[in-house]
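# Secondary and tertiary structure notes
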Amino acid sequence: MAQHGAERDLYRDTWVRYLGYANEVGESFRALVPKAVVWASYGIATAYVTADAADKGLKAAQVNADGPDRTADITVAVVDTFVWQALASVAIPGFTINRICAASLYLMGRLTRWPLPVRKWATTAVGLSAIPVIITPIDRSVDYLLDSSLRKLYNVHKKPDEPRPV
């Protein structure tokens with residue numbers, strides 16, 4: 001959340017942040033809803049990722065209105081935000097919840113005598129309950145991944161004591 005006195009980020013400090021988790025909810029309900037609903041949840045999450053990246057690009061443009069590296073700074077802000085959000089909010093958690101739900105449905109089919117509708121609802125509950133557990137480890141892992149790779153590329157021209165542009 002935003003620090004005291006800091007500007008609130010619509011995409012990270014408000015309820016809008018939860019739109020990034022739409023695909024995890026869609027994956028949790030995959031056993032119960034048509035595939036089109038699951039794909040629509042990915043559409044919502046992708047729209048959130050794209051809007052956040054555009055917002056960070058606009059903010060970088062305002063901060064660097066006349067700077068010599070204006071285009072580079074805007075590009076870095078957009079790319080860094082989009083890649084981070086795409087991995088941390090859509091791709092990795094979507095895959096993770098999909099596999100958790102598939103495994104739970106399979107195991108319930110092998111280990112219980114519950115009717116299929118009960119197993120499907122239980123699978124959905126397992127998926128939904130896993131979402132808050134996976135968020136922080138995935139976010140930290142994506143930070144590490146980007147710090148170890150992509151972010152090194154666009155910090156090449158920055159002095160070591162200069163802050164990262166995003």
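If you're wondering where the values come from, they're calculated on a predicted model, not measured in any experiment.

### Comments concerning the overall build of the chain
Secondary structure summary: the chain contains five helices and zero strands in total. Each helix and strand of the chain, ordered N terminal to C terminal, gives the series α-α-α-α-α. Put simply, the chain has 166 residues, and 36% of those count as buried. Pairs at least 24 apart in sequence give 68% of the contacts found in the chain among residues at least 6 apart.

### Some points on the packing of helix H2 (residues 35-63) against helix H3 (residues 70-111)
The geometry of H2 relative to H3 is characterised by a closest axis approach of 8 Å and an angle of 160° between their N-to-C directions. In terms of their interaxial angle, H2 and H3 are classed as roughly antiparallel. Every pair of crossing elements has a handedness; the one defined by H2 and H3 is right-handed. The residues of H3 that touch H2, namely those facing Tyr42, Ala45, Tyr48, Val49, Thr50, Asp52, Ala53, Lys56, Gly57, Ala60 and Ala61, are Arg70, Asp73, Ile74, Ala77, Val78, Thr81, Phe82, Gln85, Ala86, Ser89, Val90 and Gly94.

### Focus on the side chain of Arg17
In this fold, Arg17 is placed in the segment before helix H1 (22-28). Notably, Arg17 is buried but unbridged: the nearest opposite-charge side chain belongs to Asp139, and the N-O separation is 4.5 Å. In terms of polar contacts, Arg17 uses its side chain to reach the side chain of Tyr48, at 3.4 Å.

### Describing the nonpolar core
Counting twelve residues, the largest nonpolar core consists of Tyr21, Trp84, Ala88, Ile97, Cys101, Ala130, Ile131, Ile134, Ile135, Ile138, Val142 and Leu146. Those elements that place two or more of their residues in this core are H3 and helix H4 (116-148). Among the elements that make up this core, the one with the highest residue count is H4 (seven residues). Setting aside chain neighbours within four positions, we find Leu146 in contact with Asp80, Val83, Trp84, Arg151 and Lys152. Among the nonpolar cores identified, the runner-up in size contains eight residues, and Tyr42, Ala45, Tyr48 and Val90 belong to it.

### Side note on the packing of H3 against H4
Interaxial distance between H3 and H4 falls to 7 Å at its minimum, and their mutual angle equals 145°. By crossing handedness, the relation of H3 to H4 is classed as right-handed. Of the residues assigned to the contact of H3 with H4, the class counts are 20 nonpolar, five polar and five charged.

### A word on a nonpolar patch on the surface
A contiguous nonpolar patch, built from Trp15, Tyr18, Leu19 and Ile44 and spanning about 470 Å² of accessible area, is present on the exposed surface. Inspection of the secondary structure assignment puts Leu19 in the segment before H1.

### Points about the confidence of the model for the chain
Mean pLDDT over the chain stands at 90; residues scoring 70 or higher make up 90%. This model gives residues 159-166 a pLDDT under 50, and the stretch forms nine contacts once residues within four places in sequence are excluded.

Conventions used here
- Residues numbered from 1 in each chain as written.
- Predicted model: local features only at pLDDT ≥ 70, side-chain atom pairs only at ≥ 80, totals over all residues.
- Heavy atoms only, no water.
- Helix = DSSP H or I, 4+ residues; strand = E, 2+ residues; numbered from the N terminus.
- Buried < 20%, exposed > 50% of the residue type's maximum accessible area, 1.4 Å probe, protein only.
- Contact = heavy atoms within 4.5 Å.
- Axes fitted to C-alpha atoms, helices over the stretch in contact; angles between N-to-C directions.
- Parallel < 35°, antiparallel > 145°, perpendicular 65-115°, else oblique.
- Left-handed = near helix turned anticlockwise from the far one by under 90°.
- Lys, Arg positive; Asp, Glu negative; His and termini not counted.
- Salt bridge = Lys/Arg side-chain N within 4 Å of Asp/Glu carboxyl O.
- Polar contact = N/O pair within 3.5 Å; in protein donor to acceptor, adjacent residues only side chain to side chain.
- Core = buried A, V, L, I, M, F, W, Y, C linked by side-chain atoms within 4.5 Å.
- Nonpolar A, V, L, I, M, F, W, Y, C, P; charged D, E, K, R; others polar.
- Patch = residues over 30% accessible without salt bridge, like charges linked within 9 Å, V, L, I, M, F, W, Y side chains within 5 Å.
- Areas by Shrake-Rupley, 256 points an atom, 1.4 Å probe, with all protein chains shown as cover.
- pLDDT = per-residue confidence, 0-100.

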